[in-house]
Amino acid sequence: MKKILSLILSSAVVAGSAVMMTTAASAAKNPALKLSNETSGVKLSWSKTGARSFTVQRRTAGKQFRTVKKLSGKFSYTDKNAKSGTKYAYRVLCDGQPSDSKKIVRLDTPKIKYMWSDSFGLTIECAKVKGAKSYEFYKAEVKNGKVGKYKKFSESKNKQLFGFGEISGKTFKYKARAVSGSYKSAFSKEKKYSHIQLFTVEPRINKRFDGVTLIWDTLYGASSYDLYKSVDNKNFTKIATEKETAKSYPEIAVYHKFDDTDVVDGETYYYYLSAKLESGYTKSMDVEDITFRCYDKEMTLKAGDVDGKTLDRTDDDEFGRFIEVESSDNSIAVIEKNSDRQYTIKALEPGVTYIYYSYVDDTDYDYAWRHRIKLTVEK
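Not measured: the values here are computed from a predicted model.

Criteria and thresholds
- Residues numbered from 1 in each chain as written.
- Predicted model: local features only at pLDDT ≥ 70, side-chain atom pairs only at ≥ 80, totals over all residues.
- Heavy atoms only, no water.
- Pairing = 2+ DSSP bridges.
- Helix = DSSP H or I, 4+ residues; strand = E, 2+ residues; numbered from the N terminus.
- Axes fitted to C-alpha atoms, helices over the stretch in contact; angles between N-to-C directions.
- Core = buried A, V, L, I, M, F, W, Y, C linked by side-chain atoms within 4.5 Å.
- Buried < 20%, exposed > 50% of the residue type's maximum accessible area, 1.4 Å probe, protein only.

Peer 1: Help me understand the sheet that holds strand E18 (residues 202–205) in this model?
Peer 2: Paired through backbone hydrogen bonds, the strands of a sheet run either parallel or antiparallel to each other. Strands sit in the order E18-E19-E22 across an open sheet of three strands; the sheet is antiparallel. Looking at strand neighbours, the two that pair on one side only are E18 and strand E22 (255–260), the edges of this open sheet. Going from strand to strand, the sheet's axes swing by 25° on average, the running direction of each strand aside. Two strands pair when backbone bridges link them, and E18 and strand E19 (residues 212–217) are joined in this way by four bridges, in the antiparallel orientation. Within the sheet, the bridge partner assigned to Pro-203 lies in E19 and is Leu-214.

Peer 1: What is the right way to read the nonpolar core from this model?
Peer 2: Side chains of a nonpolar character, in soluble globular proteins, are inclined to be buried together. Ranked by internal contacts, the top residues of the largest apolar core, which has 21 residues, are Val-212, Leu-214, Trp-216, Leu-219, Leu-227 and Tyr-271. Going through the elements one at a time, E19, strand E20 (224–230) and strand E23 (268–277) are the ones with two or more residues in this core. When residues in this core are grouped by element, the largest group, five residues, is from E23. Of all hydrophobic cores here, the second largest spans 17 residues; its members include Phe-319, Tyr-357, Ile-373 and Leu-375.

Peer 1: How should unusual backbone geometry be read in this particular structure?
Peer 2: Positioned with a positive phi, Asn-144 is a non-glycine residue whose angle comes to about 55°. As for its placement among the helices and strands, Asn-144 is situated in the loop between strand E11 (134–143) and strand E12 (146–147). At Phe-209, a residue that is not glycine, the phi angle is positive and equals roughly 60°. Along the chain, Phe-209 falls in the loop between E18 and E19. A residue is classified by how much of its surface remains accessible, and Phe-209, at 5% relative accessible area, is buried.

Take a look at the structure:
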């Protein structure tokens, strides 16, 4: 009887030991493994288990797993020797039991090298990251010393981002990260920048040749523009204030115009703009000048004359076509169209009229060339 009891107890001890071993092995098996790109390297972290020792292994395509680190009592490890642009597979052995393997493309953290404003917008340039196929750019507004929530505002295949339509006069913090498919690097260090877009004003003699038209693009972030004028490029006077209604790009993708008709033939004028922003005023890049002329050519005909040469461009290979031709007084002279490249002037009665014409060049259809002829008709 004692022998039978002894056998039963021995069996129970063995069975209990087996249960304990199975439980320990189960606790050590298949921890949840996570991978992420950090600035210092590829970070591995895994769920806590009952294991006492851990072995971190990695491999590249077509290779076998190799041990990179052995440790105990820790549940994370950063592989600082991973090379940017290389795809790795990792696994962790917990008391000899392997986790599921996970893959990642190592991507170094980009650095924002430069940020600058010009007449077009804001440009951000990152240092190139090996293996990156694109770059994500994020920004957060800084207001009253507080940084708002970061939001992705663009992604570029190039390490350089051009941001047209950024709001001038506001301060933002920017950061970027490299991307390769579903794999992403850690974020770069934040860089604070107050964007002030450079802008210009362009003076042109207007269509009627009775004033100067000032033209400028919308400056996003501006609430209004003050226009200044001088006759000596020293003493400037504000001649107008124009409001800006666009709040963000591309609400209004057109330019502004203002006609200055307080001009005298032959006199030179100087202009600049001052835009009112949230942070104050900013001045246009340069002072622009123009010499006003109420006409740019003179000619004389006798009543009854017909001129078919002055507005004849049929032999000019680079000439495109006339888009507007008119006489300011049809009782003195009239204009007759023969083709898009040739018009005839007919003088009728004595007096003075102005012949206005504009045309587009074959080399630049976006810009119209404007001219005005002072025509004196004699008896």
